[in-house]
Amino acid sequence: MGWELKPAREHFAACAAEWDRLNAELHGRHPFFDSRFVGPLLEHFGTGDERLCIHRSAGTPDGALILHPRGLGRWETFTPDQAQVSAVLVGDGRLFETLFPALPGRAWSIDLLALDPDYAPDWRGLRLPRRATPHALTMAVASDGAFADYWQTRPKNLRKNIRRYRRRAEETLGPLRLTACTDPDGMAQAVARYGGMESAGWKGRRGTAIAADNVQGRFYADLLARFARAGRALVLELRAGERLVASRLLIRNETMWIILKTTYDEAMAAIAPGRLLLQATLEHAMNTLPGAVVEFYTNASRDQAEWATALRPISHHQILRNPLVAGLYALARPRRTAGKAGP
C-alpha cells in the first residue's frame, strides 16, 4: 500500500496503538520510541509542520517515523533536544526508496538524526546513497549478576573515590538516603524538586534549566506520569541528612532503563553527589530489574566511560534521492564550508 503521511500532532494519538505494535516488533518496546514518550514530545515541542509517516504492506504497518522540513526539499527526523536518539521504526532500509516520492514537493534528502546502531534499519538492500557522520559516543551498563560483582570490575581509583566521597558526605551532612518516586500523582512534585535544584545552578543562570512552570518541566512531568501509570517511571533522589543533593529521572521497559536527566546541588560539589547517586541508581536498577541494561544516551566523557560495560557510536544518517543528487551535494558541500570559514 505504500506510505501514508498525516500531520503528526493531530493524528499521532489515533495511530499510537499501531506505532507501539511496530516498536514492539522491531525494537522490543524501546522506551524512547514508545508513544508515551513520542506523544508528549509532539505536544510540547512540535511546531505543527511535523509529518507522521506510516508505511503499510498488505494493510499492516511495517514502517513509521516522524519527519519535519528542514529547508527546500530536505527533511529530517523530529528529534528535539529532549530526544537523545531518533525514533525510526523501519526494519528494511529499502522503504526509504519509496518515501522520497511520497513527501511533499521535490524531496532530495532525508536526515535521520542521532540514530542508535542497535536500533537502526537494515541497510543492506538500500540502493540510494547514504552518508553517516559521527554524533556521539554513548554508554551502557549491563550486569548479569549482582551489583557487587559489577562494582568489583570498575577501576580501582573509581571505587576508591566513591568511598571517599561517601565518607565525606556522611561525616559532614549525615547518613545518605535514597528515595524512589514511582507514583504517577507524585511525578509533578518530583520534577518540581528537580527543577528547583537545577535552576539554582549553571543551567538556571543560562536559562536552560527545568522548572515546574516551563515547557521542559511540563514535558517531563507529563511523560513520567504516563510511564508511571504502567509502573515504568522512576525518580531517584539522594539525600544527605535531610538535604536533597541529587536527583535522576528514569523510564524503562522490560529489559532496559534509560536515564533521562540528572542534576545535583552544586553547592555540594565536594561530595560529588551526582556520582554517589549514579552508584545508587545502578545498584537500584540491578536489584529491581536483574539482567536489564542501563542506557545513558549521552556523549560519554572519559570519567563517565569508567562506569560503562559497553560503548557505541551514535551517528547522523543522510539518505539522498539518487546518485546524481549525491554527486551535486558532494560538489556543493566544500563551497558552503569555505563560505562559512571566511576568506
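Residues numbered from 1 in each chain as written. Predicted model: local features only at pLDDT ≥ 70, side-chain atom pairs only at ≥ 80, totals over all residues. Heavy atoms only, no water.

With that settled, consider the overall build of the protein. The number of helices and strands found in the protein is 11 helices and 13 strands. Computed over the C-alpha atoms, the radius of gyration of the protein is 22 Å, within 12% of the 20 Å expected from 2.2 N^0.38 for a compact globule of 343 residues. In terms of principal-axis extent, the alpha carbons of the protein reach across some 65 × 50 × 40 Å. In the protein, which comprises 343 residues, the proportion classed as buried is 52%. A sequence separation of at least 24 residues applies to 74% of the contacts in the protein between residues at least 6 apart. In the form shown here, the protein has an accessible surface area of approximately 16,000 Å², with 51% of it arising from carbon and sulfur atoms. Across the protein, the centroid of the 46 positively charged side chains sits 6 Å from that of the 36 negatively charged ones. (Helix = DSSP H or I, 4+ residues; strand = E, 2+ residues; numbered from the N terminus. Rg over C-alpha atoms; globule rule 2.2 N^0.38 Å. Buried < 20%, exposed > 50% of the residue type's maximum accessible area, 1.4 Å probe, protein only. Contact = heavy atoms within 4.5 Å. Areas by Shrake-Rupley, 256 points an atom, 1.4 Å probe, with all protein chains shown as cover. Lys, Arg positive; Asp, Glu negative; His and termini not counted. Charge placed at Lys NZ, Arg CZ, Asp CG, Glu CD.)

Turning next to the packing of helix H1 (residues 8-27) against helix H2 (residues 35-45). One can describe the packing of H1 onto H2 by two numbers: an axis separation of 10 Å at closest approach and a directional angle of 175°. Here H1 lies roughly antiparallel to H2, going by the angle between them. Of the residues in H2, those touching H1 at Ala8, Arg9, Phe12, Ala16, Trp19 and Asp20 are Ser35, Val38, Gly39, Leu42 and Glu43. Tallied by class, residues from the contact of H1 with H2 come to six nonpolar, two polar and three charged. (Axes fitted to C-alpha atoms, helices over the stretch in contact; angles between N-to-C directions. Parallel < 35°, antiparallel > 145°, perpendicular 65-115°, else oblique. Nonpolar A, V, L, I, M, F, W, Y, C, P; charged D, E, K, R; others polar.)

This part covers the side chain of Arg239. Its place among the elements puts Arg239 in strand S9 (residues 233-240). Given a relative accessible area of 15%, Arg239 falls into the buried group. At 3.2 Å, the side chain of Arg239 and the side chain of Thr179 are in polar contact. In terms of polar contacts, Arg239 uses its side chain to reach the side chain of Glu237, at 3.3 Å. Beyond its immediate stretch of four places on either side in the chain, Arg239 contacts Pro175, Leu176, Arg177, Thr179, Arg193, Leu244 and Val245. (Polar contact = N/O pair within 3.5 Å; in protein donor to acceptor, adjacent residues only side chain to side chain.)

Here the focus is the environment of Glu10. As for its placement among the helices and strands, Glu10 is situated in helix H1. Separated by 20 residues in the primary sequence, Glu10 and His30 have C-alpha atoms spaced 23 Å apart.

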